[in-house]
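Geometric and topological summary
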Amino acid sequence: MSQVSIVIPMFNEARHIGRTLDAARRAASAAGLACELIVVDNGSSDAGPAIARGHGAEVLVLPGVAIGALRNAGVAASHGDWLAFLDADIEVPEHWLDLLLDLQRRGDGDVFALDCDTPRQAPWFAQAWQRRTLRCGQTVQDSAWLPTPNLLMRRSWFAQVGGFDERLRTGEDKDFTLRLHAAGARLRVLRAPAVLHWGFEASWREWLGKEMWRQGSHLQLLRSHGLSLRLLRFPLLSVGAWVLDAMALSALLDGFPHVALGLLLLSALPALFLSLRQSRRHRDLLLTVQLWGLHWLRLHLAGAAFILSLFNRTARRPARG
């Protein structure tokens, strides 16, 4: 019997870690795999580590290091020929591993993931923000990079690219899977069933704080991967939004309200474009409007985060939901 090592970084996830571990163990059993559960704790102050041990996980404690270092440490302590990565607030369906391994047996990819959705209890902004990433169309789709709510691969692929970049405070999943793609790995996403993200943003303060923190990786990714349109596009759009806002304020103070309004509308166009691109496959006008507002906020947060990163400053990650 093959063994899967499931590595889960954790920080103050007492509310979710038991559910995550139970679902992961059920999925391994359904796939006929021996299961090794490794939780790498970042110095939690809640009961998360004790709960994880009570659910049969090996718990490593590494306070004060970046999330990439947590995942690498979990891999170093593991023994399985398959590696899976889960976030500590993710509930996988029972056939998570069975479905993804079936793709590998058919020769249909090398690195695999399921789409990620929110439970229906999430507020509208958390649901809309997660829904923008949900795929439509073909059941199995290619991707140039994948986030790490759930990932599955053979250990050899992890070793080939040297694991996660431990210098990155955020964006380490994008960096890791971009390097896998560059090394020749075929990244495949199964659209359904989706994993559930229980650590959704329960308040506006949490959503804004998380997005500010997430956007702090752009400069590091550019340094790691070099200048490219893919990586430059969003930070340039975000800085441009701030410039147009400043010009609009200047025009208003100088007595040109119509010019100010035109500049504000111009600054809202990138957010509208992003919302249309992500919502058109869902054919939902309300989702388009919701994403327009959320992308407008995100662009401004990203611009602020990018400027902070130029001075080696980053936002602190807020507590998870």
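This is a predicted model, so every value here is computed, not measured. (Residues numbered from 1 in each chain as written. Predicted model: local features only at pLDDT ≥ 70, side-chain atom pairs only at ≥ 80, totals over all residues. Heavy atoms only, no water.)

What follows deals with the pairing of strand S8 (residues 150-154). In terms of burial, S8 is a largely internal element, four of the five residues being buried. Bridging between strand S4 (residues 82-86) and S8 involves five bridges; their strand directions are antiparallel. Within S8, the residue paired with Trp-82 across the bridge is Arg-154. (Buried < 20%, exposed > 50% of the residue type's maximum accessible area, 1.4 Å probe, protein only. Helix = DSSP H or I, 4+ residues; strand = E, 2+ residues; numbered from the N terminus. Pairing = 2+ DSSP bridges.)

In the UniProt entry, the feature "transmembrane region" (unreviewed entry) is given for residues 231-253, 259-277 and 289-311. The span residues 259-277 shows a helical share of 100% and a strand share of 0%, and its end C-alpha atoms are spaced 28 Å apart. (UniProt positions renumbered as here; feature names shortened; annotations may be inferred.)

This part covers a nonpolar patch on the surface. Taken together, Trp-124, Trp-204 and Leu-208 make up a surface patch of nonpolar side chains, about 280 Å² in accessible area. Structurally, the position occupied by Leu-208 is in helix H8 (residues 204-214). Taking relative accessible area as the criterion, Leu-208 reaches 32% and is therefore assigned partly exposed. (Patch = residues over 30% accessible without salt bridge, like charges linked within 9 Å, V, L, I, M, F, W, Y side chains within 5 Å. Areas by Shrake-Rupley, 256 points an atom, 1.4 Å probe, with all protein chains shown as cover. Salt bridge = Lys/Arg side-chain N within 4 Å of Asp/Glu carboxyl O.)

The next thing to look at is the environment of Val-40. As for its position among the elements, Val-40 is in strand S2 (residues 34-41). Assessed through its relative accessible area of 0%, Val-40 is described here as buried. As for Val-40 and Phe-11, which are separated by 29 residues in sequence, their C-alpha atoms are 8.7 Å apart. Contact partners of Val-40, with chain neighbours within four places excluded, come to Val-7, Ile-8, Pro-9, Met-10, Leu-60, Leu-62, Leu-70, Ala-73 and Gly-74. (Contact = heavy atoms within 4.5 Å.)

Our focus in this paragraph is the pairing of S4. Taken across its five residues, S4 has five buried, putting it largely inside the fold. Side chains of S4 alternate between two faces, with Trp-82, Ala-84 and Leu-86 and Leu-83 and Phe-85 buried alike. Relative to S4, strand S1 (residues 3-10) runs parallel, the two sharing four bridges. The residue of S4 that forms the bridge with Ile-6 is Ala-84.

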